[in-house]
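Inside the fold
Chain by chain, the residues:
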Amino acid sequence: KDGAQQSPSRRRIPALQPNGKLDIPLHRIWRGEGVHEDSVVAFLPNKRAAHCLIPLEIPTNQSLTGMEVAVIGAGAAGLVAAREMKREGHSVIVYERGHALGGNWVYTPEVESDDLLGLNPKRKVVHSSLYKSLRTNLPREAMGFLDYPFTARAGGDSRRFPGYREVATYLADFAREFDLEKWIRFRTNVVHVVRVGDGRWLVRARRVSDDGEPAADESQLFDAVVVCSGHFTEPRIADVPGLDRWPGKQIHSHNYREPEPFRDRVVVLIGGSASGLDISRDIAPVAKEVHLSSRFISDEESKRLPVFDNFWVHSPIKSTYEDGTVLFNDGSSVAADVIMHCTGYKFHYPFLDTNGAVTIEDNRVGPLYKHVFPPSLAPSLSFIGIPLRVLPFPLFELQSKWVAGVLSGRISLPSVQEMVEDVKAFYLQIEAAGYPKRYTHDVSKYLVSLNFPVMEKPLDYVLYLLGAELRSLLPPASTAALPPGHGLAHHASGDGDRSARAGCQETGGERGKDVAVIGAGAAGLAAGRELRREGHGVVVFERGNTVGGTWVYTPEVESPDLLGLDPSRTLVHSSVYESLRTNIPREVMGFLDYPFSARPSCDSGRFPSHQEVAANLADFAGDFDLVRWIRFETEVVNVVQHPDGRWLVRSRWALINIKYALCRPGDRGSLRRRRCVQWPLYGASNRRHPRYNNCISFSFKPASRL
C-alpha cells in the first residue's frame, strides 16, 4: 500500500502488467511460510478462486539450479509435476502417449479386444480403465489441487461425486490456467529410459500417428526424470484353481466399459473393492445373474442381496471346473458364462532401465525413500503418485513440490545410506505387522495398524508419507496454502479457529419451512445446523437429557428383558459399554468444518473413548448454538402426514432423571434452560461447567408443577 513502511528484507514488486504478469522473471518461485532475507513476496490472484490470494516467494539472492526434466505422463500427477518444475525454474518436457491430457481420466470405448485379461505383453495396450458409469469415490472437495479447488462449473456436473468427464474437464482447465500444454508432447510413447555415463538420462520416445501406427523415434538427454505414468493399466489376475481349464469367457475390469455385452449372462465377479462393487451394480439390471465373490465375505455372510433379485454375494471361489461350474468356499456353486476379475493392477514400468536399482517384487516398487526417491538414483529419478488409497491430487502436488525443490538444491535429501536405512526400517514395520510386500504402498493397510503419530489434520497424513522434508512447503497450523473454497481448508485449521466458525447463519426468506428433526445425536445435530443455515425453522426432539444420542453412556440396561424381545419394555437408547472406544480414527470422525481434535487434559488417543465423542458433539452443539432448538426429555410417539401435506408429530415428556444447567448470563438467579448447554460428562452435579464459567449443573427429578 502506498505510504506503508517497507520491511528492509523485502523490495517493492515492479509494476503489475494488465495481463497479470510481473516485469521480473518468475523462474525462481515457490510456496512457503518463511521468507528469505533478500526476496520479494507477490500475491497473485487465482482465476478459479478469485477470492483468494496465492503467496509466491521470489528469491533474489539464491543460487539455485535449473535442470532439464522429463515428466512421463500428462495425467493429474504429470500436470502438477510440470507446473511445480516450471515454478522452481526447471525446463520441462512432458511425454504423453495419448491424444489428450488427463491420463486415466480420459474415457475411450476401446478395449484390449485381443487379450481381455491383459496377459500378453505384446498386446495393444489401452491406457484408460474408465467405464461409462464411473463416478469419483471421493468428494470433489478432497480431489482438487491445493491452490486450484475442484469447484462445480456452470453447466457442468455439479454433483459432489461427479462423473469422470467433470474430472477430465477440471484437469484440462488446470493445464490451461497454468499454460502447461505448450510443454506436452502428445502421441509420444516413451519406450526406453536409461542413465548414461555423465549421470544424465537418455529418454527414447516413439511418435504415434493418428491411426495408432508408429511414426518416428526421438531421443533426448535430461538431467532428471519424473515418472508419472500411473498404475491402472497392467491388470492383476486372481489365482483360482482350475481357471486355466474353465471354458467360459474371462475379462479384467480394465476392459469393462458398459453393461450391454453381459445381457442375459450369468456373471461372476472376483473382488469386493471399488470396481467390483461398481460394476456388479452396473450390470445387475441386464444380466441374468450376478455373483460377487470377495475375500471380505465370510461363508456365513453369503446371501442374495435384496437390492436386486438376481444379485448374490459369496465368499472366495474355491475352484472352477471344465463344465463351467464355479464353486465357492461357502459350498454354493453356479454355472457361469463370464468371470470378471476386479482384482486391481500391477505397477509396471517396462520403459525404465535402472540396472536393478529399482525393482518390482510382489507389487512393491523399491527401494523408494518415502515412496518417491530410489536412494541410489536420487534425486535424478523420482516417482509421483505411487501410494494407494490416499487423497491423490493433493498428494501428487506435495510430492511434486518436494521433487522440484530437491532438484533445484533448495531442499536437501538425507545421505544415500540414511535413505536406505529408512526404507529398511519401514519394510521391517510392514513385515512385523503381518502384511505381504504387495501392501507396501497401500496406505490404508498400515497407517492405522503401525505406530504412526497422532495427526489431527487429514492433510498431515499426506505430508507424513513424505517425511519432515516436505513440511516446510506448507505453513504449519495455517490455511495459507489452502484457499477457503478448498475442501481441505476446513481440516487444515486447528482448535483456535473453532470460535470463528461458531454460530448458525439464519438466512430466513420465503424458502424456510418448519422442520422436525427426531434425535439429537450426531446426525440430528448436523441436520439441525444445516437446516438453520438454509433458513428453516427447526425443532429437534430428543428423548434423552443431553445431546449425543447413542454416544451418551448410561449404566442402565433393559432389565428384565435383556434380549429386547418385549415391545412394551422400557427402552434404553444407548448401546455403549463402559470400555468402548471408536474403531475408526478421530481424524475421519469429525464434521467437514469441525474437526474432531483432541482437547487438553482429555483422551487424546487416535481411537478415543465414547466420552470423548460425546464431549465433541456437545462442543459442536454449543459452538453452533443448537441447544436452543432441542426439546430434551421429549419422546416422539407418532408421526403421521396431515391431509394438507404437512406432518403431525405427537410427543410426550419422558420422565427420566434430568441434569440441567443454571445459567446467569445477565439476569441472575433466573433459569434460562433454552440458553444452556447441558453437560453431564464432566462428573458429579453442582460442578462449575468447564467451558461456560457462568453455569453450574445440578440434577433433580421432574416435579409435576414443572
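Residues numbered from 1 in each chain as written. Predicted model: local features only at pLDDT ≥ 70, side-chain atom pairs only at ≥ 80, totals over all residues. Heavy atoms only, no water.

Per the secondary structure count, the protein chain includes 11 helices and 31 strands. The burial tally for the protein chain puts 48% of its 706 residues in the buried class. Once local pairs closer than 6 in sequence are excluded, the contacts in the protein chain between residues at least 24 apart make up 61%. Of the roughly 34,900 Å² that the protein chain leaves accessible, carbon and sulfur atoms contribute 51%. (Helix = DSSP H or I, 4+ residues; strand = E, 2+ residues; numbered from the N terminus. Buried < 20%, exposed > 50% of the residue type's maximum accessible area, 1.4 Å probe, protein only. Contact = heavy atoms within 4.5 Å. Areas by Shrake-Rupley, 256 points an atom, 1.4 Å probe, with all protein chains shown as cover.)

Turning next to the pairing of strand β6 (residues 188–195). Within a regular strand, side chains alternate between the sheet's two faces. Direction of pairing for β6 relative to strand β7 (residues 201–208): antiparallel, over a ladder of 7 bridges. Paired with V193 across the two strands is V203, which belongs to β7. Connecting β6 to the antiparallel partner β7 that follows it, the hairpin turn spans 5 residues, and G199 within it adopts a positive phi of roughly 90°. Taken together, the 2 bridges between β6 and strand β21 (residues 352–353) define a ladder with parallel strand orientation. The residue of β21 that forms the bridge with V194 is D353. (Pairing = 2+ DSSP bridges.)

All right, on to the pairing of strand β13 (residues 289–293) then. In terms of burial, β13 is largely enclosed, as 4 of its 5 residues are buried. The pairing of strand β12 (residues 266–270) with β13 spans 5 bridges and is parallel. In the sheet register, V267 faces β13, and the bridge partner there is V290. Between the parallel elements β12 and β13, the chain passes through helix α3 (residues 274–283) in a crossover that is right-handed. Where β13 meets strand β15 (residues 311–314), 4 bridges bridge the pair, whose relative direction is parallel. (Right-handed = clockwise from strand over helix to strand, strands pointing away.)

What follows is about the sheet that holds strand β18 (residues 333–335). With respect to topology, 3 strands assemble into an open sheet ordered β16-β17-β18, the strand pairing being antiparallel. Both outer strands of the open sheet, β16 (317–320) and β18, are each paired with one neighbouring strand and no more. Taking each pair of neighbouring strands and ignoring which way they run, the sheet shows an average axis angle of 20°. In the sheet, strand β17 (residues 325–328) pairs with β18 via 3 bridges, with the strands oriented antiparallel. (Axes fitted to C-alpha atoms, helices over the stretch in contact; angles between N-to-C directions.)

Attention now goes to the packing of helix α1 (residues 76–87) against helix α2 (residues 164–177). Relative placement of two packed helices is described by the angle separating their axes and the distance separating the axes. Close contact between α1 and α2 brings their axes to 11 Å; oriented N to C, the two are set at 15°. Of the possible angle classes, the one that applies to α1 and α2 is roughly parallel. The hand of the α1/α2 crossing is left-handed. Between α1 and α2, the residues in contact are A76, L79, V80 and R83 and L171, F174 and A175, respectively. (Parallel < 35°, antiparallel > 145°, perpendicular 65-115°, else oblique. Left-handed = near helix turned anticlockwise from the far one by under 90°.)

Moving on: the environment of S382. Position of S382 relative to the elements: it lies in strand β24 (residues 381–383). Spatially, the C-alpha atoms of S382 and V225 are 6.6 Å apart, while their sequence positions differ by 157 residues. S382 has contacts with V225, V226, V227, V372, F373 and V403, leaving out every residue within four places of it along the chain.

Quick look at the sheet that holds strand β25 (residues 514–518) now. The strand order across the open sheet built from 3 strands is β25-β26-β27, with neighbouring strands paired in parallel fashion. Both edges of this open sheet fall to β25 and β27 (630–631), since each of them pairs with a single strand only. Across 5 bridges, the pairing between β25 and strand β26 (residues 537–541) is parallel. Pairing of D514 across the sheet is with G537, part of β26.

What follows is about the pattern of salt bridges. Per the stated rule, a full pass over the model turns up 42 salt bridges. Across the pair E234 and R123 runs a salt bridge whose closest N-O atoms are separated by 3.2 Å. Remark: R123 occurs in the loop between β4 (91–95) and α2 and E234 occurs in strand β10 (residues 234–235); sequence separation between them is 111 residues. Each member of the pair, E234 as well as R123, carries the same accessibility label: buried. One salt bridge in this structure joins R543 and E635, with 3.7 Å as the shortest N-O distance. Note that R543 is positioned in the loop between β26 and α11 (610–623) and E635 in strand β28 (residues 634–641), a separation of 92 residues in sequence. Take R543: its relative accessible area is 29%, and that puts it in the partly exposed class. The structure contains a network of salt bridges with shared partners spanning R83, E84, R87, D147, E397 and K401. (Salt bridge = Lys/Arg side-chain N within 4 Å of Asp/Glu carboxyl O.)

Once that is clear, we can look at α11. The terminal C-alpha atoms of α11 lie 20 Å apart, and with 14 residues this matches the ideal 20 Å at 1.5 Å per residue to within 8%. Within α11, 13 of the 14 residues are buried, which leaves the element mostly enclosed by the surrounding structure. One or two residues past the end of α11 sits D625, with phi positive at roughly 55°. (Expected span 1.5 Å × (residues − 1).)

Quick look at the side chain of D561 now. By the element assignment, D561 lies in the loop between β26 and α11. Buried and unpaired, D561 has no salt bridge, with R569 as the nearest side chain of opposite charge at 4.4 Å. Among the polar contacts made by the side chain of D561, one reaches the main-chain amide nitrogen of L565 at a distance of 2.9 Å. In contact with D561, not counting residues within four places along its chain, are D566 and R569. (Lys, Arg positive; Asp, Glu negative; His and termini not counted. Polar contact = N/O pair within 3.5 Å; in protein donor to acceptor, adjacent residues only side chain to side chain.)

Time to look at the environment of G409. Within the fold, G409 resides in the loop between α4 (392–408) and α5 (416–432). Among the residues examined, G409 registers a relative accessible area of 51% and is labelled exposed. A sequence separation of 344 residues divides G409 from T65, and the C-alpha atoms of the two residues are 6.5 Å apart.

Averaged over every residue, the pLDDT of the protein chain is 78; the share at 70 or more is 74%. The spread of mean pLDDT over the elements of the protein chain runs between helix α9 (residues 498–501), the lowest at 30, and strand β9 (residues 224–227), the highest at 98. Considering only residues more than four positions removed or in separate chains, one finds that residues 451–458, a stretch of pLDDT under 50, has 20 contacts. (pLDDT = per-residue confidence, 0-100.)

In this section: the nonpolar core. Proteins that are soluble and globular tend to have nonpolar side chains buried together. Judged by nonpolar contacts, the single largest core of 67 residues is most densely connected at W105, F145, L171, V226, L269 and F393. If you look at the next biggest cluster of nonpolar residues, it comprises 24 residues, including V203, F351, A357 and L377. (Core = buried A, V, L, I, M, F, W, Y, C linked by side-chain atoms within 4.5 Å.)

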